[in-house]
Amino acid sequence: MPELTCTARRIGDYESRTEEYELTFSAGGDPTAQRTLGVKYQAARAYEINAGLDAAVDAAREAIAGAGLDARPSDEALAKFAWRTLQSVKYEEGGSKTGRLEI
């Protein structure tokens, strides 16, 4: 079963109230199908978080399509996957982590 990977890394000022992340999605092990996205939000602004997750879902779908896969995970599954991966690097200060989702 093919996998969607998401590599997250926190960027920007780690002491700022604004959190910035770089997410890279790749599907099916195809390096040409990578999509990179910058997400920036303040935790007190839910609309910024939601906009970032919507963009992450779009980037994940583009990576899946770019790899030529016919998988159709739900928007909710992709958003949760992106959020969990993003949150896993919240206190890493530049370190990256990769999450995997079977699609």
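Look a little higher up for the structure.
Residues numbered from 1 in each chain as written. Predicted model: local features only at pLDDT ≥ 70, side-chain atom pairs only at ≥ 80, totals over all residues. Heavy atoms only, no water.

Participant: Just checking my understanding: could you explain the packing of aromatic side chains for this structure?
Facilitator: Aromatic ring pairs are reported here in terms of the distance separating the ring centres and the angle at which the planes meet. Per the counting criterion, the structure on display carries 2 aromatic pairs. Judged by centre distance (6.1 Å) and plane angle (20°), the ring pair of tyrosine 21 and tyrosine 41 falls under stacked. Here tyrosine 21, found in strand S2 (residues 18-27), pairs with tyrosine 41, found in strand S3 (residues 35-42); they are 20 residues apart in sequence, far enough to count as distant. Side by side, tyrosine 21 and tyrosine 41 carry an identical accessibility label, which is buried. Ring plane angle 40° and centroid distance 6.1 Å describe the contact between tyrosine 41 and tryptophan 83, whose orientation is recorded as tilted. Pair noted here: tyrosine 41 is in strand S3 and tryptophan 83 is in helix H2 (residues 75-87), with a separation of 42 residues, a long-range link. Overall, the relative accessible area of 3% leaves tyrosine 41 in the buried class. (Phe/Tyr/Trp six-rings, centres within 6.5 Å; stacked < 30°, edge-to-face > 60°. Helix = DSSP H or I, 4+ residues; strand = E, 2+ residues; numbered from the N terminus. Buried < 20%, exposed > 50% of the residue type's maximum accessible area, 1.4 Å probe, protein only.)

Participant: Is there a simple way to explain helix H1 (residues 46-66) in this structure?
Facilitator: For an α-helix, 3.6 residues make a turn, and residues three or four places apart therefore share a direction. Over its 21 residues, H1 runs 30 Å from end to end, which matches the ideal 30 Å to within 8%, given 1.5 Å per residue. Along H1, the residues classified as buried are Glu48, Ile49, Gly52, Leu53, Ala56, Val57, Ala59, Ala60, Ala63 and Ile64. Looking at the buried side of H1, the elements it contacts are strand S1 (3-11), S2, S3 and H2. Directly after H1, the chain includes glycine 68, whose backbone phi takes a positive value near 75°. (Expected span 1.5 Å × (residues − 1). Contact = heavy atoms within 4.5 Å.)

Participant: Looking at this structure, I do not really get the nonpolar core. What am I missing?
Facilitator: One broad rule of soluble globular proteins: the nonpolar side chains tend to lie buried together. Leu4, Leu23 and Phe25 are the most contacted members of the largest nonpolar core, which totals 25 residues. For this core, the secondary-structure elements that each account for two or more residues are S1, S2, S3, H1 and H2. By residue number, the principal contributor to this core is H1, which donates 8 residues. With residues up to four places along the chain from it excluded, the contact list for leucine 4 reads Phe25, Ser26, Ala27, Ala60, Ala63, Ile64, Leu78, Phe81, Gly99, Arg100, Leu101 and Ile103. (Core = buried A, V, L, I, M, F, W, Y, C linked by side-chain atoms within 4.5 Å.)

Participant: Explain the side chain of threonine 24 here, please?
Facilitator: Within the secondary structure, threonine 24 sits in strand S2. We classify threonine 24 as buried; its relative accessible area is 16%. Here the side chain of threonine 24 touches threonine 36 through a polar contact of 3.4 Å, side chain to side chain. If we ignore the near neighbours within four places in the chain, the residues touching threonine 24 are Thr5, Cys6, Thr7, Gln34, Arg35 and Thr36. (Polar contact = N/O pair within 3.5 Å; in protein donor to acceptor, adjacent residues only side chain to side chain.)

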